[in-house]
Amino acid sequence: MIEQYYDVEIGYNGAAGAGGDAAANFPIDATNASWFVKTFFKGLVETDSTSGYVRLRGANSSIVLTRADRKEPDYDSLELPTPKTK
């Protein structure tokens, strides 16, 4: 059972600043969140995708990480919000 978790939304960035289009939503165990984010973006790089995003919704805030202009997020400075608890 997941005790601390994030709600994850993944998708691709819209054209000309029109926002993003969600492809999937699901909960993820808080201990796996950083690994998931890095793996998601590494997958975008390997498939030569030009854009994509991950939104992690925590207890009181969220963070959105994007791949734009073929650049990945800075994983070393990644500060995740406080996770939700069940």
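What counts and what doesn't
- Along every chain, residues carry numbers that run from 1 in the direction the sequence is written.
- Local features are withheld for residues below a pLDDT of 70 in this predicted model, meaning they are given only at 70 or higher, and side-chain atom pairs are given and counted only at 80 or more; totals for whole chains, interfaces and linings count all residues.
- Excluding hydrogens and water, the side-chain figures rest on all heavy atoms present in the structure.
- Under the DSSP-based scheme used, a helix requires at least four consecutive residues in state H or I and a strand at least two consecutive residues in state E, with every element numbered from the N terminus.
- Residue exposure (1.4 Å probe, protein chains only): buried if accessible area is under 20% of the type maximum, exposed if over 50%, otherwise partly exposed.
- Residue contacts are defined here by distance: any two heavy atoms, one from each residue, within 4.5 Å place the two residues in contact.
- Given the number of residues in a helix, its expected span is that number minus one, multiplied by 1.5 Å.
- Taking the helix axis as origin, the arc is that swept by the directions to the C-beta atoms.
- Think of a polar contact as two N or O atoms within 3.5 Å of one another; within protein, one of them needs to be a possible hydrogen donor and the other a possible acceptor, and neighboring residues in sequence only count if both atoms come from side chains.
- Throughout, nonpolar core names a set of buried Ala, Val, Leu, Ile, Met, Phe, Trp, Tyr and Cys residues whose side chains join them through atoms within 4.5 Å.
- Confidence per residue, as judged by the predictor, is encoded in pLDDT with a range of 0 to 100.

## Section: the overall build of the chain
Across its full length, the chain carries one helix and five strands. Along the chain, helices and strands appear, N-terminal first, in the series β-β-α-β-β-β. Within the chain, buried positions represent 29% of all 86 residues. Taking the intrachain contacts of the chain between residues at least 6 apart in sequence as the baseline, contacts between residues at least 24 apart amount to 54%.

## As for helix α1 (residues 33-46)
The end-to-end C-alpha separation of α1 is 20 Å, in line with the 20 Å expected for 14 residues at 1.5 Å each. All of the buried residues along α1 are A33, F36, V37, F40, F41 and L44. The buried residues of α1 occupy one face: seen down the axis, they fall within an arc of 120 degrees. Among the exposed residues of α1, those pointing more than 90 degrees away from its buried face are W35 and E46. Within two residues after α1, D48 carries a phi angle of roughly 60 degrees, on the positive side.

## Here's the deal with the environment of D7
Mapped onto the elements, D7 comes out in strand β1 (residues 4-13). With relative accessibility at 25%, the residue D7 sits in the partly exposed group. D7 sits 50 residues away from R57 along the chain, and the two C-alpha atoms are 5.0 Å apart. Discounting residues that sit within four places of it in the chain, D7 has contacts with F26, P27, R55, L56, R57 and K84. Only 2.4 Å separates the side chain of D7 from the side chain of K84, close enough to count as a polar contact.

## Structural notes on the nonpolar core
Nonpolar side chains tend toward joint burial in soluble globular proteins. Counting residues in each nonpolar core, the largest one holds 15 residues, and the members touching the most others are V8, F36, F40, F41, V54 and L56. When residues in this core are grouped by element, the largest group, six residues, is from α1. Setting aside anything within four residues of it in sequence, one finds F40 in contact with I10, G11, Y53 and V54.

## Here's the deal with the confidence of the model for the chain
Close inspection of predicted coordinates is inappropriate in any region flagged by low pLDDT. A residue-level look at the chain finds 88% of positions with pLDDT of 70 or above and a mean pLDDT of 85. When mean pLDDT is compared element by element in the chain, strand β5 (residues 84-85) scores highest at 96, while strand β4 (residues 62-67) scores lowest at 86.

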